[in-house]
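# Report on the structure
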Amino acid sequence: MLDNPRSPRVRAVAKLANRAARSETGLFLLEGPQAVSEALTFRPELVVELYATPTALERYTEIGDAAVAAGVDVEFVTEQVLETMADTVTPQGFIAVCHQFPTSIKKIFANEPKLIAILEEVRDPGNAGTIIRAADAAGADAVIFTGRSVDLYNPKVVRSSTGSIFHLPVAVGVTLTDVHERAKFAGMQILAADIKGDDLLEARNSGLLAVPTAWLFGNEARGLTEEDLATADRSISVPIYGHAESMNLATAASVCLYESAFSQRA
């Protein structure tokens, strides 16, 4: 039982909440039974360390079974140690340390994708993680974070993805120019989500969304710049029929990705 919150091992895990420590070690923090279960099921080779309270492991016996099957040792910790390690205020009994595993955009476009999401200067980790989750649910082939977006391995991004980070390829640190060139070479159209763009319903009815598409999503406050928009074939807006001033970025992205998924599967 690891019971000293001040031990070097506990502090090393806790430091992974900071980007500098993640960059230095190539590791990231994973919290909660859902995320840990997804990692053990889909990418067990990434799990370096797994910590759990006895109560949590007793409640989620399937996680213990998955860890045994994957050859991952579970180390018991006290509630106080878990709280020290965790980025959240009320951790849910499990913490894992995992290897980072970004995918190259060369590999993404080599697989002839039909639907991808590009995040350009998306800074809110909750939005970024939710877009990964939505892309996963919509059957997208990949998500790409440009270098101006939030760190993929930020603990809140990881939590907000609820395990989807382990389900589909995600590239990081690339330029929008490079993504644009590779998308065009792969025969994909780029559609920019922009409030001043053409109506999404009209785009659906015209058949525009049925072809391979890379959706481009921009900053929560400023949207996409004119330079960013110039990289897209067209700009598309999600109509607001009620009195809302605007729509949350992750919500709008979910709508766009699903509209493409519906059209491509029709």
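Everything below is about the structure printed above this text.
The rules we used
- Residues numbered from 1 in each chain as written.
- Predicted model: local features only at pLDDT ≥ 70, side-chain atom pairs only at ≥ 80, totals over all residues.
- Heavy atoms only, no water.
- 1 Å grid on protein atoms, 1.4 Å probe; cavity = no way out; pocket = protein on both sides within 12 Å on 5 of 7 lines; lining within 4 Å.
- Points joined across faces, edges and corners; volume = space filled by probe spheres on them.
- Helix = DSSP H or I, 4+ residues; strand = E, 2+ residues; numbered from the N terminus.
- Nonpolar A, V, L, I, M, F, W, Y, C, P; charged D, E, K, R; others polar.
- Buried < 20%, exposed > 50% of the residue type's maximum accessible area, 1.4 Å probe, protein only.
- Pairing = 2+ DSSP bridges.
- Right-handed = clockwise from strand over helix to strand, strands pointing away.
- Axes fitted to C-alpha atoms, helices over the stretch in contact; angles between N-to-C directions.
- Contact = heavy atoms within 4.5 Å.
- Phe/Tyr/Trp six-rings, centres within 6.5 Å; stacked < 30°, edge-to-face > 60°.
- Core = buried A, V, L, I, M, F, W, Y, C linked by side-chain atoms within 4.5 Å.
- Salt bridge = Lys/Arg side-chain N within 4 Å of Asp/Glu carboxyl O.

### Describing the layout of surface pockets
- Each pocket or cavity is described by its volume, and for the largest pocket that value is around 520 Å³.
- What lines the largest pocket is a set of 21 residues, and nearest its centre among them are Ala193, Asp194, Ile195, Met247 and Leu249.
- When contributions to the lining of the largest pocket are tallied by element, the ones reaching two or more residues are β8 (189-199) and α13 (249-265).
- Counting residues per element, the lining of the largest pocket draws most heavily on β8, which supplies 4 residues.
- Here the lining of the largest pocket is composed, by residue class, of 10 nonpolar, 7 polar and 4 charged.
- The calculated volume of the second largest pocket comes to roughly 190 Å³.
- In terms of lining, the second largest pocket is formed by 13 residues, of which the most central are Glu31, Gly32, Pro33, Gln92 and Arg159.
- Those elements giving two or more residues to the lining of the second largest pocket turn out to be α3 (33-42) and α9 (155-160).

### Here we look at unusual backbone geometry
- Phi angles above zero are rare outside glycine, and Glu112 is one such case at about 50°.
- Residue position: Glu112 is located in the loop between α7 (105-110) and β5 (115-119).
- Residue Thr162 is not a glycine yet carries a positive backbone phi of 45°.
- Along the chain, the position of Thr162 falls in the loop between α9 and β7 (170-174).

### What about the pairing of β5?
- Of all 5 residues in β5, 5 are buried; the element is thus mostly enclosed.
- Both faces of β5 are covered, namely the face carrying Leu115, Ala117 and Leu119 and the face carrying Ile116 and Ile118.
- Sheet topology note: the β5/strand β9 (residues 213-217) ladder contains 5 bridges and is parallel. Residue Ile116 lies in a different strand from β9, and its bridge partner there is Ala214.
- Strand direction decides the pairing type here: β5 and strand β6 (residues 142-146), joined by 4 bridges, are parallel. Counted as the bridge partner of Leu119 is Phe145 from β6.
- The β-α-β motif built from β5, the intervening helix α8 (residues 125-137) and the parallel element β6 has right-handed crossover chirality.

### As for the pairing of β8
- As paired elements, β8 and β9 share 4 bridges and run parallel to each other. The residue bridging Leu191 from the neighbouring strand is Trp215, located in β9.
- Running through helix α11 (residues 200-205), the crossover from β8 to the neighbouring parallel element β9 is right-handed.
- Bridging between β8 and strand β10 (residues 234-237) involves 5 bridges; their strand directions are parallel. Within β10, the position partnered with Leu191 by the bridge is Arg234.

### A closer look at the sheet that holds β8
- Here we have 6 strands laid out as an open sheet, ordered β7-β6-β5-β9-β8-β10, and parallel in their pairing. The strands lining the two open edges of the sheet, one partner per strand, are β7 and β10. Along the sheet, successive strands turn relative to each other by an average axial angle of 30°, direction set aside.
- Packed on one face of the sheet, α8 meets β5 and β6 and runs near 155° to β6.

### Digging into the packing of aromatic side chains
- Scanning the entire structure with this criterion turns up 7 aromatic pairs.
- An angle of 10° between the planes, with centres 6.2 Å apart, marks the rings of Trp215 and Phe217 as stacked.
- What makes Trp215 buried here is its relative accessible area of 0%.
- An aromatic cluster of three or more residues is present, and its members are Phe28, Phe101, Tyr153 and Phe166.

### Some thoughts on the nonpolar core
- Membership of the largest hydrophobic core comes to 57 residues, with the highest contact counts inside it found for Leu30, Val143, Phe145, Trp215 and Leu257.
- The contacts of Val143, once residues within four sequence positions are left out, are Ile108, Ala117, Leu119, Ile132, Ala135, Leu168, Pro169, Val170 and Ala171.
- Ile108, Ile144, Leu176 and Ile190 belong to the second largest nonpolar core, which has 20 residues in total.

### Notes on the pattern of salt bridges
- Applying the stated criterion across every chain, the model contains 15 salt bridges.
- Across the pair Glu121 and Arg222 runs a salt bridge, and its minimum N-O distance is 2.3 Å. Here Glu121 is found in the loop between β5 and α8, whereas its partner Arg222 is found in the loop between β9 and α12 (226-230), with 101 residues between them in sequence.
- With its nearest N and O atoms 3.3 Å apart, the salt bridge here joins Asp178 to Arg182. Of this pair, Asp178 and Arg182 both sit in helix α10 (residues 176-185), 4 residues apart, which is roughly one turn of the helix.
- Take Asp178: its relative accessible area is 25%, and that puts it in the partly exposed class.
- When salt bridges that share partners are traced, they join Glu120, Glu121, Arg123, Arg148, Arg222 and Asp228 into one network.

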